[in-house]
Amino acid sequence: MKQVIIDVDTGIDDALALILAINSGKFDIKGITTVCGNIPVELATENTLKVLKLLKRDDIEVYEGCSYPIAREIIFKESVHGENGLAGELKDINIKKKNEKHGVDFIIDEINSHPGEISMIMLAPLTNLAMAFKKAPEIIAKIKELYIMGGVVDGRGNESPVAEFNFYTDPESAYEVLNSGVPIKLIGLDVTRKAPLFESDLDNIVNNSDVTNFVKNITNHYIDRASIGKDVRRCLLHDPLAVAVAMDESIVEMKDYFVDVEYSSRLSDGQSICDFNNRYGKKPNVRVALELDRDKFMKMFLKSIIG
Ligand code: BDR
Ligand code: CA
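Scoring rules and cut-offs
Sequence order as written defines the numbering, with residues in each chain counted from 1. Key to labels: chains lettered from A, ligands numbered from 1, both in the order written. The predicted nature of this model means local features are confined to residues of pLDDT at least 70 and side-chain atom pairs, given and counted, to a pLDDT of 80 or more, with totals for whole chains, interfaces and linings taken over all residues. Numbering goes from the N terminus for both helices and strands, where a helix is a DSSP run of H or I of at least four residues and a strand is a run of E of at least two. Radius of gyration here uses only the C-alpha atoms, and the compact-globule reference equals 2.2 Å multiplied by the residue count raised to the power 0.38. Three classes are used. A residue is buried when 20 or more other C-beta atoms lie within 10 Å of its own, exposed when 12 or fewer do, and partly exposed in between, with C-beta atoms placed from the backbone. Whether two residues are in contact depends on their C-beta atoms, placed from the backbone: they are in contact if these lie within 7 Å. Geometry is summarised by axes, namely lines fitted to C-alpha atoms with helices restricted to the contacting stretch, and by angles between N-to-C directions that run from 0 to 180 degrees. Angular relationships are summarised with four words: roughly parallel below 35 degrees, roughly antiparallel beyond 145, roughly perpendicular across 65 to 115, and oblique for the angles in between. The classification used treats Ala, Val, Leu, Ile, Met, Phe, Trp, Tyr, Cys and Pro as nonpolar, Asp, Glu, Lys and Arg as charged, and all other residues, Gly among them, as polar. Residue proximity rests on one test: whether the C-beta atom, placed from the backbone, lies within 6 Å of the molecule or strand. In this analysis, strands are considered paired if DSSP registers two or more bridges between them. A helix's residues, less one, multiplied by 1.5 Å, set its expected span.

- The chain is annotated in an unreviewed UniProt entry as Purine nucleosidase from Proteiniborus ethanoligenes.

In structure tokens:
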């Protein structure tokens, strides 16, 4: 079983990703770290604990990480993720306390205790990992691999015209991680745009349970927000797709490229730069997911909800 740490800013699609990761039974989850991104880190921690409680898996520890990106401010807006980051859901659920250890220290200790064994699934700005690299550079050589939901190499962003949200929010951290030398599989908008969940897909969820009702409610909200100005009612399953690739890499086609990220520009901070034609002459540092078997992914995703 793959040993993983999952890093989240829970968020609707992070919540769906956690459901997939946990219900798949494919992972030995060593712990979950939280970071600011979609919402403040304290709320991300609370939401993560709530999702674990809903799934009856609050034996998994949650470690709160960084409250700010490494070198810039963050402005939280009521986003596509709604009122509490979970479309107003799970307001009255009782949760246990977060673990007192800081997320960055948890990452450092866990990687140091299991060298070469742990894969990390990164579903948020990369601040916790970049901080861990600064504090304990020896862990860089000990991480097995990274699955990162972030970036976009076709130039069309979702937060700025050219930048994807997770890279845009903390591009300095994205830079540290991309250039660290750790094996990276990048699941960016190029491929998550090929993973739409249509409103009609929800009709497959026929059974009634606390989990299915939660999924339907948050997803309906996500679809409402994501479909503004669009002809079709759908949302994109960014974070669940990164988890699904960690479960079964054969659902995507990946190609090796050198990818970097801009962080000091007037217009393009957070933009991923993919050297398709090897103009820099550098060794590829990333396996970029570019094509997707949507049917296979959707089956994995729906199975994790329906059972
Ligand atoms: C990413 O940004 C966040 O809003 C989502 O949770 C996902 O991690 C997509 O750009
Ligand atoms: Ca996320």
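**Overview of the overall build of the chain**
Here is step 1: Secondary structure assignment for the chain yields 10 helices and 12 strands.
Here is step 2: The C-alpha radius of gyration of the chain comes to 18 Å, within 12% of the 19 Å expected for a compact globule of 307 residues.
Here is step 3: Its C-alpha atoms give the chain principal-axis dimensions of about 55 × 45 × 35 Å.
Here is step 4: Burial statistics for the chain: of 307 residues in total, 52% are counted as buried.
Here is step 5: Residue pairs at least 24 apart in sequence account for 82% of intrachain contacts in the chain once pairs closer than 6 positions are excluded.

**Things to note about the packing of helix H9 (residues 238-247) against helix H10 (residues 294-306)**
Here is step 1: The contact between H9 and H10 brings their axes to 10 Å, and the two run at 100°. Taken together, the axes of H9 and H10 lie roughly perpendicular to each other. Contact with H9, carried on its side by Pro-240, Leu-241, Ala-244 and Met-247, involves Phe-297, Met-300 and Phe-301 of H10 and no other residues of that element.
Here is step 2: Classifying every residue of the contact of H9 with H10 by side-chain character gives 7 nonpolar, no polar and no charged.

**Considering the site of ligand 1**
Here is step 1: Ligand 1 sits among 13 residues. The nearest are Gly-11, Asp-13, Phe-165, His-238 and Asp-239.
Here is step 2: Broken down by secondary-structure element, the contributors of at least two residues to the shell around ligand 1 are helix H1 (12-23), helix H5 (165-169) and H9.

**Notes on the sheet that holds strand S3 (residues 62-64)**
Here is step 1: Strand order in the open sheet formed by 8 strands is S3-S2-S1-S4-S5-S6-S12-S9, with mixed pairing between adjacent strands. On the outer flanks of this sheet lie S3 and strand S9 (252-257), each paired with one strand and no other. Going across the sheet, the axis of each strand differs from the next one's by a mean of 25°, ignoring polarity.
Here is step 2: The pairing of S9 with strand S12 (residues 286-292) spans 6 bridges and is classified as antiparallel. By the bridge assignment for S12, Tyr-257 is matched with Val-286.

**Some thoughts on H1**
Here is step 1: An ideal rise of 1.5 Å per residue puts 16 Å on 12 residues; H1 measures up with 17 Å between its terminal C-alpha atoms.
Here is step 2: Where burial is concerned, most of H1 is hidden: 11 out of the 12 residues are buried.
Here is step 3: Where H1 is concerned, the buried positions are Ile-12, Asp-13, Asp-14, Ala-15, Leu-16, Ala-17, Leu-18, Ile-19, Leu-20, Ala-21 and Ile-22.
Here is step 4: Residues of H1 that are buried make contact with strand S1 (2-8), strand S2 (27-34), helix H2 (41-54), helix H8 (210-226), H9 and H10.
Here is step 5: With its phi angle positive at about 70°, Gly-25 sits one or two positions after the end of H1.

**Quick look at unusual backbone geometry**
Residues apart from glycine generally show negative phi values, whereas peptide bonds are mostly found in trans.
Here is step 1: Gly-11 follows Thr-10 through a cis peptide bond whose omega is 5°.
Here is step 2: The topology assignment puts Gly-11 in the loop between S1 and H1.
Here is step 3: Positioned with a positive phi, Ala-87 is a non-glycine residue whose angle comes to about 55°.
Here is step 4: We classify Ala-87 as buried; it has 21 C-beta atoms within 10 Å.
Here is step 5: Unusually for a residue other than glycine, Asn-278 sits at a positive phi of about 50°.
Here is step 6: The residue Asn-278 is located in the loop between strand S11 (272-274) and S12 in this model.
Here is step 7: Judged by local crowding, Asn-278 falls into the exposed class, with 11 C-beta atoms found within 10 Å.

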